[in-house]
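Chain and residue survey
Letter by letter, the chains look like this.
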Amino acid sequence: MKTEFDAELESRLLRYTAIDSQSDPASPMSPSTEVQFDMLNLLVEELNGIGASDVRLTDYGTVLATIPATVEHDAPVMGLLAHVDTAPAFNATGVKPRVHRAYDGQPILFPDAPDLRLSPDDYPYLASKEGHDIITASGTTLLGADDKAGVAIIMTVARHLLASPGIPHGPIRLAFTPDEEIGRGVHPDLPADLGADFAFTLDGGAVGEIEYETFSADGATIRIEGVSIHPGTARGKLVNALHLAAKIVQTLPQATMTPETTAGREGFIMVTDMKGSAATAEMHFILRDFERDGLAAKGALLQEVCAAVQSGEPRARITCEITPQYRNMRYWLENDMTPVELAHAATRAAGFEPRSEPIRGGTDGSRLTEMGVPCPNVFTGMQNLHGPLEWISVQDMGAATRTCLILARRAAER
């Protein structure tokens with residue numbers, strides 16, 4: 001279904017995705033990469049240009065702004081959030097977005113990767129989008145609709161509300177965060193700076209998805225110190241840190257408890273990267289589960305494996321540090337489902353049936369909810385995230401825009 005917002009959404013997404021804003025988990029800075037400021041500064045300029053109030057870029061790299069209320073009675077403050085960074089999992093430099101106008105239902109090909117195919121036979125949701133305007137990258141990069149689609153939707157909503165003072169709504173706070181993809185999107189100061197009674201992240205998938213349950217997540221860093229010596233005289237002396245790293249990976253479950261062997265409510269342990277030499281090695285893992293006990297058990301298993309490998313080679317030194325990342329937002333939202341119910345009602349009013357399935361991932365809303373700002377997740381339409389087959393329908397973004405506008409009106413009626 002085409003909307004009056006499609007042209008604006010398409011223009012914004014093409015503009016935003018062409019900007020490199022990839023985050024870096026190895027960086028201690030906030031934001032973790034300087035390139036994210038290219039997006040952040042652009043948004044400051046655009047927000048000022050459309051007449052938003054209180055526009056500022058915080059010292060922790062989040063852009064904040066206000067859409068003033070158009071109702072005279074006190075109404076709750078609603079927040080809308082999206083993140084500007086793209087995932088470090090795949091190349092995000094030199095993105096060349098492409099529009100496949102009035103999609104014909106055939107496999108989509110990529111000019112920069114002739115062997116790559118995006119086929120509706122493999123992705124049934126794509127098969128349902130015949131006639132839509134589909135946006136992809138060119139084959140060698142991700143697209144970055146995660147979450148620049150959310151940014152485009154919020155900016156379109158903001159521009160429309162500011163240009164239409166006759167639409168009744170309460171105060172709306174906007175936030176565009178950095179570093180969501182590396183688990184650092186919500187700074188401790190953000191809940192107070194946002195000043196919202198409740199909020200919504202625009203960071204979801206298929207039309208109608210309203211998500212209020214996410215993974216709980218921890219990260220783990222394993223460091224290994226071996227014994228280095230010239231290989232020519234290494235017999236009985238060398239302790240190869242890389243061999244021990246490989247042994248840790250091999251000792252962990254392979255047929256279960258990995259991302260590629262789990263689905264639904266099953267959690268996992270995933271090694272995300274490994275670097276080093278025979279002398280020292282460092283490994284990073286992510287641990288995911290929907291329940292606190294399950295997450296703790298996965299951390300304990302990882303530590304037990306490290307201890308077992310350590311006991312087999314006492315000359316080495318192996319440490320395993322587990323760091324909390326975010327927790328399942330359900331733990332807090334189930335105590336007050338008002339924001340979820342609002343999102344369900346707005347989705348129905350926009351003409352779509354809402355669905356709520358657990359997210360096998362997390363959002364800025366996970367941390368915000370834990371920190372006192374209830375924040376479920378609303379669909380954008382983005383699909384096949386973090387890789388070269390990423391795509392999105394412009395019309396799906398239009399559906400999300402309509403849903404947000406209805407949300408703004410209904411929130412003011414509470």
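Everything below is about the structure printed above this text.
The rules behind each value
- Residues numbered from 1 in each chain as written.
- Predicted model: local features only at pLDDT ≥ 70, side-chain atom pairs only at ≥ 80, totals over all residues.
- Heavy atoms only, no water.
- Helix = DSSP H or I, 4+ residues; strand = E, 2+ residues; numbered from the N terminus.
- Rg over C-alpha atoms; globule rule 2.2 N^0.38 Å.
- Buried < 20%, exposed > 50% of the residue type's maximum accessible area, 1.4 Å probe, protein only.
- Areas by Shrake-Rupley, 256 points an atom, 1.4 Å probe, with all protein chains shown as cover.
- Lys, Arg positive; Asp, Glu negative; His and termini not counted.
- Charge placed at Lys NZ, Arg CZ, Asp CG, Glu CD.
- Salt bridge = Lys/Arg side-chain N within 4 Å of Asp/Glu carboxyl O.
- Pairing = 2+ DSSP bridges.
- Contact = heavy atoms within 4.5 Å.
- Axes fitted to C-alpha atoms, helices over the stretch in contact; angles between N-to-C directions.
- Parallel < 35°, antiparallel > 145°, perpendicular 65-115°, else oblique.
- Left-handed = near helix turned anticlockwise from the far one by under 90°.
- Nonpolar A, V, L, I, M, F, W, Y, C, P; charged D, E, K, R; others polar.
- Expected span 1.5 Å × (residues − 1).
- Disulfide = S-S within 2.5 Å.

All right, on to the overall build of the protein chain then. In terms of helices and strands, the protein chain carries 11 helices and 16 strands. Taken against the 2.2 N^0.38 rule, which gives 22 Å for 414 residues, the C-alpha radius of gyration of the protein chain at 23 Å falls within 12% of a compact globule. By principal-axis analysis of the C-alpha atoms, the protein chain measures approximately 80 × 50 × 35 Å. A buried classification covers 55% of the 414 residues belonging to the protein chain. Total accessible area on the protein chain is roughly 17000 Å²; 51% of this is exposed by carbon and sulfur atoms. Of note, the protein chain has its 34 positive side-chain charges centred 4 Å away from the centre of its 56 negative side-chain charges.

Oppositely charged side chains may form a pair once their charged atoms are brought near each other. If you walk through the whole model with that rule in mind, you get 22 salt bridges. Between E213 and R330 there is a salt bridge, with the nearest N and O atoms lying 2.6 Å from each other. Here E213 is found in the loop between β10 (210-211) and β11 (216-225), whereas its partner R330 is found in helix α8 (residues 330-333), with 117 residues between them in sequence. A residue is classified by how much of its surface remains accessible, and R330, at 16% relative accessible area, is buried. Among the charged side chains, a network of salt bridges with common partners joins E8, R12, R15, E46 and R159.

Turning to the sheet that holds strand β9 (residues 198-204), a few remarks are in order. The pairing of strands in a sheet comes from backbone hydrogen bonds and takes either a parallel or an antiparallel form. On the basis of which strands lie adjacent, the open sheet formed by seven strands has the order β1-β2-β8-β3-β9-β15-β10 and mixed pairing. This sheet does not close on itself; its edge strands, each paired only once, are β1 (53-57) and β10. Strand direction decides the pairing type here: strand β3 (residues 78-83) and strand β8 (residues 172-177), joined by six bridges, are parallel. Residue pairing for β8: L80 is matched across the bridge by L174. Lying on the sheet, helix α9 (residues 338-349) is in contact with β9, β10 and β15 (377-379); it crosses β9 at an angle near 55°.

Let us now look at the packing of helix α1 (residues 6-17) against helix α4 (residues 145-163). Following both chains from N to C, one finds α1 and α4 inclined at 135°, their axes separated by 9 Å at the closest point. Here α1 lies oblique to α4, going by the angle between them. You can see that α1 and α4 cross each other, and the crossing is right-handed. Contacts from E8, L9, R12, L13, Y16 and T17 of α1 reach α4 at A145, K148, A149, V151, A152, I153, M155, T156 and R159. Partitioned by chemical class, the residues of the contact of α1 with α4 number nine nonpolar, two polar and four charged.

Taking strand neighbours across the sheet as the criterion, the four strands line up as β12-β13-β11-β14 in an open arrangement whose pairing is antiparallel. The sheet terminates laterally at β12 (268-276) and β14 (317-326), the two strands that pair on one side only. Geometrically, the sheet is characterised by an average inter-axis angle of 20° between neighbouring strands, direction not taken into account. Taken together, the eight bridges between β12 and strand β13 (residues 280-289) define a ladder with antiparallel strand orientation. By the bridge assignment for β13, K275 is matched with E282. In this fold helix α6 (residues 241-251) packs onto β11, β12, β13 and β14, with an angle of close to 15° to the strand it touches most, β13. Along the sheet face, helix α7 (residues 292-312) touches β11, β12, β13 and β14 and points at about 155° away from the line of β13.

Relative to the assigned elements, I406 resides in helix α11 (residues 394-411). Note: C-alpha distance between I406 and D24 (382 residues apart in sequence) is 36 Å. Apart from residues lying up to four places away in sequence, I406 is in contact with A346, A349 and A350.

At a closest axis distance of 8 Å, the pairing of α9 and α11 adopts a crossing angle of 125°. Taken as axis vectors, α9 and α11 run oblique relative to one another. The handedness of the crossing between α9 and α11 comes out as right-handed. Along the contact surface, α9 presents L342, A343, A345, A346, T347 and A349, while α11 presents T403, I406, L407, R410 and A411. The residue makeup of the contact of α9 with α11, split by class, is eight nonpolar, two polar and one charged.

So, on to α4. Over its 19 residues, α4 runs 26 Å from end to end, which matches the ideal 27 Å to within 8%, given 1.5 Å per residue. Summarising burial for α4: 16 of the 19 residues are buried, a large majority.

This part takes up the environment of E260. Position of E260 among the secondary structure elements: in the loop between α6 and β12. Sequence separation of E260 and M270 is 10 residues, and the distance between their C-alpha atoms is 9.5 Å.

On to the state of the cysteines. Tallied over the full model, the rule gives zero disulfides. Cysteine C306 is unpaired, with the sulfur of C320 as its nearest cysteine sulfur at 4.3 Å. In this structure C306 comes out as buried when scored by relative accessible area, which is 4%. With no disulfide of its own, C375 lies 11 Å from the sulfur of C404, the closest cysteine sulfur. Judged by its relative accessible area of 0%, C375 is buried.

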